[in-house]
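# Descriptive structure summary
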Amino acid sequence: QVQLVESGGGLVQTGGSLRLSCAASGNIVSINYMGWFRQAPGKQRELVATITSGGSTNYADSVKGRFTISRDNAKNTVYLQMNSLKPEDTAVYYCNAEILGSSRIRMYYWGQGTQVTVSS
């Protein structure tokens, strides 16, 4: 059984910062890519940032220069440092990862989501 557990969301004012964490646990052999998505009310879930096991990153244009994704492979954890937050960043943020489990099946897993609210 593999789980992704997010933490670090909350309420912050415009221009503030938050750091999200997502830890993977369970019968994990390896983790390929890890990423963050977000979903605002009434909108589709969208990609925020991804990072490969080798450290290559990719960002949505809307967050480039403000958000930084990183990972600690030893801890099976991915982080999202969010700076200069704007009200339009308000959403539920979800962690996603491609994980090879002890069953030798590679699957995508989602976390439960963490709420980020940016007040104007």
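Here is a short report on the structure shown in this document. (Residues numbered from 1 in each chain as written. Predicted model: local features only at pLDDT ≥ 70, side-chain atom pairs only at ≥ 80, totals over all residues. Heavy atoms only, no water.)

So, about the packing of aromatic side chains. Under the definition given, this model contains three aromatic pairs. The interplanar angle of 65 degrees and the centroid separation of 5.1 Å between the aromatic rings of F37 and W110 together place this pair among those described as edge-to-face. In this pair, F37 is assigned in strand β4 (residues 28-39) and W110 in strand β10 (residues 106-110), connecting sequence segments 73 residues apart. We classify W110 as partly exposed; its relative accessible area is 40%. Pairwise contacts between aromatic rings join F37, Y94 and W110 into one cluster. Just above the ring of Y79 sits the side chain of R19; from NZ or CZ to the centre is 4.1 Å. Positioned above the aromatic ring of Y94 is the side chain of R45, whose terminal nitrogen or guanidinium carbon lies 3.7 Å from the ring centre. (Phe/Tyr/Trp six-rings, centres within 6.5 Å; stacked < 30°, edge-to-face > 60°. Helix = DSSP H or I, 4+ residues; strand = E, 2+ residues; numbered from the N terminus. Buried < 20%, exposed > 50% of the residue type's maximum accessible area, 1.4 Å probe, protein only. Lys NZ or Arg CZ within 6 Å of the ring centre and 35° of its normal.)

Residues W36, L80, M82 and Y93 are the most contacted members of the largest nonpolar core, which totals 30 residues. The set of elements that each furnish at least two residues to this core consists of β1 (2-7), β3 (18-26), β4, β5 (46-51), β7 (67-72), β8 (77-82), β9 (91-101) and β11 (114-119). Here this core takes five residues from β9, the largest share from any one element. Dropping the residues within four chain positions of it, Y93 is found in contact with E6, L20, W36, F37, R38, V48, F67, L80, M82, G113, T114 and V116. (Core = buried A, V, L, I, M, F, W, Y, C linked by side-chain atoms within 4.5 Å. Contact = heavy atoms within 4.5 Å.)

This part covers the pattern of salt bridges. Applying the stated rule across the entire model yields five salt bridges. Among the ionic pairs, K64 bridges to D61, the shortest N-O distance being 3.1 Å. Owing to a relative accessible area of 49%, K64 belongs among the partly exposed residues under this scheme. E98 is the salt-bridge partner of R106, the closest N and O atoms lying 3.8 Å from each other. Since its relative accessible area comes to 41%, R106 is described here as partly exposed. Judged by relative accessible area, which is 12%, E98 ranks as buried. Through salt bridges with shared partners, one network takes in R38, E46, R66 and D89. (Salt bridge = Lys/Arg side-chain N within 4 Å of Asp/Glu carboxyl O.)

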